[in-house]
Amino acid sequence: NAGVTQTPKFRILKIGQSMTLQCAQDMNHNYMYWYRQDPGMGLKLIYYSVGAGITDKGEVPNGYNVSRSTTEDFPLRLELAAPSQTSVYFCASSYGTSGEASYEQYFGPGTRLTVT
Amino acid sequence: KNQVEQSPQSLIILEGKNCTLQCNYTVSPFSNLRWYKQDTGRGPVSLTIMTFSENTKSNGRYTATLDADTKQSSLHITASQLSDSASYICVVIQTGANNLFFGTGTRLTVIP
């Protein structure tokens, strides 16, 4: 199993550009998550999905969009990139809700995004 | 307000020594608490998951404790190794929720 994979690893965007961060998992997990990690800060949840076709906002969803057309893939779309979106983005997945201790979250390696 | 605070922010120890990292939280209602290890440039990896009824859990040289009454947890690392150099993140999850509350982490450096 490859686990959770993310592409690209690094990206530099100009202000106002758009891009899609890709995330895929091969563990047949129902739940998928997008987080951002700013320097010196804890990870913050952007969006999550409990299954194909179902998505919901997390703590910091503004400026982002997601879709979940398949169990495996959960892309994150940035429209009109702004410097405040400079961050490291992590995708994660789990079989069930993290509200249950038996379900572990598995993280991808991250995408480092710089908006200038 | 739901918060997770970790101390110290950073720590340097000699290889072979023990250390203890602290986590205090105000998240409620509480479901479970997780400790993650995050190597530089990598995603977090789970070390332990503890529920309300568990007050200690081990994973090799890592031992986590939980006091749900005082809302405190600690992660004890025994006989540290150079590969233990990483950030250690405390995460608290609410009952029935998918939102995880992350601490800012403790940056541990183990030196020879």
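For the structure itself, consult the block above.
Residues numbered from 1 in each chain as written. Chains lettered and ligands numbered in written order. Predicted model: local features only at pLDDT ≥ 70, side-chain atom pairs only at ≥ 80, totals over all residues. Heavy atoms only, no water.

Undergrad: Quick rundown of the nonpolar core? Include the residues and the values.
TA: Core analysis: the biggest nonpolar cluster contains 25 residues, and Val4(B), Tyr25(B), Leu33(B), Trp35(B), Leu75(B), Tyr88(B) and Val92(B) have the highest contact counts within it. Every element with two or more residues in this core is listed here: strand E3 (19-25), strand E4 (30-38), strand E5 (45-51), strand E7 (62-67), strand E8 (72-77), strand E9 (86-94) and strand E11 (106-111) of chain B. When sequence neighbours within four positions are dropped, the list of residues in contact with Leu33(B) reads Cys23(B), Tyr25(B), Thr48(B), Ile49(B), Met50(B), Leu66(B), Ser73(B), Cys90(B), Val91(B) and Val92(B). With 19 residues, the next largest nonpolar core counts Cys23(A), Met32(A), Tyr47(A) and Leu78(A) among its residues. (Core = buried A, V, L, I, M, F, W, Y, C linked by side-chain atoms within 4.5 Å. Buried < 20%, exposed > 50% of the residue type's maximum accessible area, 1.4 Å probe, protein only. Helix = DSSP H or I, 4+ residues; strand = E, 2+ residues; numbered from the N terminus. Contact = heavy atoms within 4.5 Å.)

Undergrad: Which residues make up the interface of chain B and chain A, and what values do they have?
TA: Each partner contributes residues to the interface: chain B has 23 residues there, and chain A has 23 residues. At the surface where chain B touches chain A, the tally comes to four residue pairs in polar contact (both at pLDDT 80 or more). Listing elements by their share of the side of chain B that touches chain A, those giving two or more residues are E4, E5, E9 and strand E10 (100-102) of chain B. At five residues, the largest contribution of residues to the side of chain B that touches chain A is made by E4(B). Here the side of chain B that touches chain A is built from residues that sort into eight nonpolar, 13 polar and two charged. (Polar contact = N/O pair within 3.5 Å; in protein donor to acceptor, adjacent residues only side chain to side chain. Nonpolar A, V, L, I, M, F, W, Y, C, P; charged D, E, K, R; others polar.)

Undergrad: Could you give me a rundown of the pairing of E3(B), with the residues and numbers involved?
TA: All names here are of chain B. Burial of the side chains of E3 is restricted to one face: Cys19, Leu21, Cys23 and Tyr25 are buried, whereas none of Thr20, Gln22 and Asn24 on the reverse face is. Inspection of the sheet shows strand E1 (residues 4-7) paired to E3 by four bridges, in the antiparallel sense. Looking across to E3, one finds that Val4 is bridged to Tyr25. Taken together, the six bridges between E3 and E8 define a ladder with antiparallel strand orientation. When the sheet's bridge partners are listed, Cys19 is paired in E8 with Ile77. (Pairing = 2+ DSSP bridges.)

Undergrad: Describe the sheet that holds strand E6 (residues 56-59) of chain B, and please don't skip the residues or the numbers.
TA: Residue and element names in this part refer to chain B. One open sheet accounts for five strands, arranged E1-E3-E8-E7-E6; its pairing is antiparallel. The open sheet has two edge strands, E1 and E6, and neither has a second partner. Taken pair by pair, the neighbouring strands of this sheet meet at an average axis angle of 15°, ignoring direction. (Axes fitted to C-alpha atoms, helices over the stretch in contact; angles between N-to-C directions.)

Undergrad: Can you explain the layout of surface pockets? Please cite residues and give values.
TA: Its volume calculated, the largest pocket comes out at about 660 Å³. Elements supplying a minimum of two residues to the lining of the largest pocket: strand E9 (87-94) and strand E11 (111-115) of chain A together with E9 and E11 of chain B. The element best represented in the lining of the largest pocket is E11(A), accounting for four residues. Roughly 310 Å³ of volume is contained in the second largest pocket. Looking at the lining of the second largest pocket, the elements that each hand over two or more residues are E1 and E10 of chain B. (1 Å grid on protein atoms, 1.4 Å probe; cavity = no way out; pocket = protein on both sides within 12 Å on 5 of 7 lines; lining within 4 Å. Points joined across faces, edges and corners; volume = space filled by probe spheres on them.)

Undergrad: Just give me the short version of the sheet that holds strand E7 (residues 64-66) of chain A, but keep the residues and values in it.
TA: Residues and elements named next belong to chain A. The strand order E1-E3-E8-E7 describes an open sheet built from four strands, whose pairing is antiparallel. Pairing within the sheet leaves two strands with one partner each, and these edge strands are strand E1 (4-7) and E7. Along the sheet, successive strands turn relative to each other by an average axial angle of 20°, direction set aside. The sheet contact formed by E1 and strand E3 (residues 19-25) spans four bridges and is antiparallel. Within E3, the position partnered with Thr5 by the bridge is Ala24.

Undergrad: An account of the environment of Thr63(B) is requested, with residue identities and associated values reported.
TA: Residues and elements named next belong to chain B. The residue Thr63 is located in strand E7 in this model. The exposure class of Thr63 is partly exposed, given its relative accessible area of 22%. Once the C-alpha coordinates of Thr63 and Ser74 are considered, the two residues, 11 residues apart in sequence, prove to be 8.1 Å apart. In this structure Thr63 touches Thr56, Lys57, Ser58, Ser74, Leu75 and His76, once residues within four positions along its chain are discounted.

Undergrad: Now, about the state of the cysteines: what can you tell me, with residues and values included?
TA: Applying the stated criterion to the full structure yields two disulfides over all chains. Put simply, Cys23(A) and Cys91(A) are joined by a disulfide, and their sulfur atoms are 1.8 Å apart. Disulfide Cys23(A)-Cys91(A): the torsion about the S-S bond is -70°, which places it as left-handed. Remark: Cys91(A) occurs in strand E9 and Cys23(A) occurs in strand E3; sequence separation between them is 68 residues. Just as Cys23(A) is buried, Cys91(A) falls in that class too. Disulfide partner of Cys23(B): Cys90(B), at an S-S distance of 2.0 Å. Its S-S torsion of about -65° marks the bond between Cys23(B) and Cys90(B) as left-handed, since a negative value means left-handed. Of this pair, Cys23(B) sits in strand E3 while Cys90(B) sits in strand E9, and the two are 67 residues apart along the sequence. Owing to a relative accessible area of 0%, Cys23(B) belongs among the buried residues under this scheme. Overall, Cys90(B) belongs to the buried group, its relative accessible area being 0%. Here Cys19(B) is not disulfide-linked; the sulfur of Cys90(B) is the nearest cysteine sulfur, at 15 Å. (Disulfide = S-S within 2.5 Å.)

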